[in-house]
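# Descriptive structure summary
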Amino acid sequence: MRSKRSKPWIHRNSRFIIAGIAAVGVAITAYLTIEKLTGGTVVCPVDGCDNVLNSEYATILGLPLALFGFLAYVSMGTMAIAPWLINSDSQKQLRSQLENWSWLFMFVGSVSMTIFSSYLMYIMAFEIESLCLYCTGSAICSLSLLILTLIGRNWEDIGQLIFTAIIVGMVTLVGIFAVYSPIYSATASTENTYGVTTASTPAKVALAEHLTEVGAKMYGAYWCSHCQEQKNLFGKEAVSKINYIECDPKGKNSQTQLCVEASIKAYPTWEINGKVQEGVVSMENLAKLSGYKGPTNF
């Protein structure tokens, strides 16, 4: 009589590994979510994290993208450990069904997460042109989860698996373009006032005119959420009077070469009287930096 063939090592331990990788993803996305919601600063060992994490791509439906990543990793980890919660001999059939269904859900989830992460890696490399280690780490976790769901068990119907992956991929891509359509619409705008919803006071208009007179420049990118925040501080009428320089080559009226020559590393960046100021600057500080002497009831 032949001995029963033992399971391969990866099949016996795949759920443990998946749960561990999901935990890493949870830690990364939880940290990014907390910092975003509390207005904190993400600590990053390389330049570029701020550009990526503060871009419009980092927000979906008004919420941090990291929050959705956090929920996705929590779901993957939960599905990985779910069968372990059923140890009773009387519930063996239930556990078997849960194992089968959880594998399918983990496969669907990992395919969707990998496609979304791949898209974000493309945006990071070719649109934002900055490196974010946290985003890269999350993408590696997503790809690792997909690989483990593929090799972590014996899939009986490979054809059905491929068909499922194609459907999930199509749905994910449609979702990506749907949630990011406002950003692509922004590239069609030739006005500095795109996305500006606030009104301008006479003092803000006067400050904007003064900034232009003294040669002040605001460098930014159409997808930059902090740039939109800065513009909204001015309001529609005032922001149309400032000297705004679009740095992203994909943006309308792009002046990328000027940004390169000025060594711009963050958006927005102000250049006023030979001094460089990164980040959103208050009206009061802009007035002080530029030597503005007009009304200050901003």
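Keep in mind it's a predicted model, so treat the numbers as computed, not measured. (Residues numbered from 1 in each chain as written. Predicted model: local features only at pLDDT ≥ 70, side-chain atom pairs only at ≥ 80, totals over all residues. Heavy atoms only, no water.)

Turning next to the environment of Tyr31. Tracing the backbone through its elements, the reader meets Tyr31 in helix H1 (residues 9-38). On the basis of relative accessible area, Tyr31 is assigned to the partly exposed category, the value being 25%. Here Val43 takes part through its backbone nitrogen, which lies 3.0 Å from a polar atom of the side chain of Tyr31. (Helix = DSSP H or I, 4+ residues; strand = E, 2+ residues; numbered from the N terminus. Buried < 20%, exposed > 50% of the residue type's maximum accessible area, 1.4 Å probe, protein only. Polar contact = N/O pair within 3.5 Å; in protein donor to acceptor, adjacent residues only side chain to side chain.)

Note on placement: Ser290 falls in helix H12 (residues 283-290). Assessed through its relative accessible area of 5%, Ser290 is described here as buried. Looking at Ser290, its side chain comes within polar contact range of the main-chain oxygen of Ala287, at 3.4 Å. Not counting residues up to four positions away in its chain, the partners in contact with Ser290 are Leu207, His210, Leu211, Val214, Ile272 and Asn273. (Contact = heavy atoms within 4.5 Å.)

Here the distance between the centres and the angle between the planes together describe a pair of aromatic rings. This structure, assessed with the given rule, holds 13 aromatic pairs. When the ring of Trp223 is compared with that of Tyr267, the centres are 5.7 Å apart and the planes differ by 70 degrees; the resulting orientation is edge-to-face. Within this pair, whereas Trp223 is found in the loop between strand S3 (217-220) and helix H9 (225-234), its partner Tyr267 is found in the loop between helix H11 (256-261) and strand S5 (269-272), the two being separated by 44 residues in sequence. An identical accessibility class is assigned to Trp223 and Tyr267; each is buried. Taken together, a centroid distance of 6.1 Å and an interplanar angle of 40 degrees make the contact between Tyr292 and Phe298 tilted. The exposure classification of Tyr292 matches that of Phe298, with both residues buried. Looking at Arg153, its charged tip hangs above the ring of Trp155, at a distance of 4.7 Å from the centre. Here the guanidinium or amino end of Lys231 rests over the ring plane of Tyr244, the centre of that ring lying 3.9 Å away. (Phe/Tyr/Trp six-rings, centres within 6.5 Å; stacked < 30°, edge-to-face > 60°. Lys NZ or Arg CZ within 6 Å of the ring centre and 35° of its normal.)

Attention now goes to the packing of H1 against helix H4 (residues 92-128). H4 packs onto H1 with a crossing angle of 45 degrees between their chain directions and a minimal axis gap of 13 Å. Relative to H4, H1 is oriented oblique. The handedness of the crossing between H1 and H4 comes out as left-handed. Between H1 and H4, the residues in contact are Ser14, Arg15 and Ile18 and Glu99, Ser102, Trp103 and Met106, respectively. (Axes fitted to C-alpha atoms, helices over the stretch in contact; angles between N-to-C directions. Parallel < 35°, antiparallel > 145°, perpendicular 65-115°, else oblique. Left-handed = near helix turned anticlockwise from the far one by under 90°.)

Attention now moves to the pattern of salt bridges. Applying the stated rule across the entire model yields two salt bridges. The partner of Glu99 in a salt bridge is Arg95, with the nearest N and O atoms 3.5 Å apart. Pair noted here: Glu99 and Arg95 are both in helix H4, with a separation of four residues, about one helical turn. (Salt bridge = Lys/Arg side-chain N within 4 Å of Asp/Glu carboxyl O.)

As a further point, take unusual backbone geometry. Geometrically, the link from Tyr267 to Pro268 is a cis peptide bond, its omega value of -10 degrees lying close to zero. For Asn253, which is not glycine, the phi torsion reads 55 degrees and is therefore positive. Along the chain, Asn253 falls in the loop between strand S4 (244-246) and H11. What makes Asn253 exposed here is its relative accessible area of 53%.

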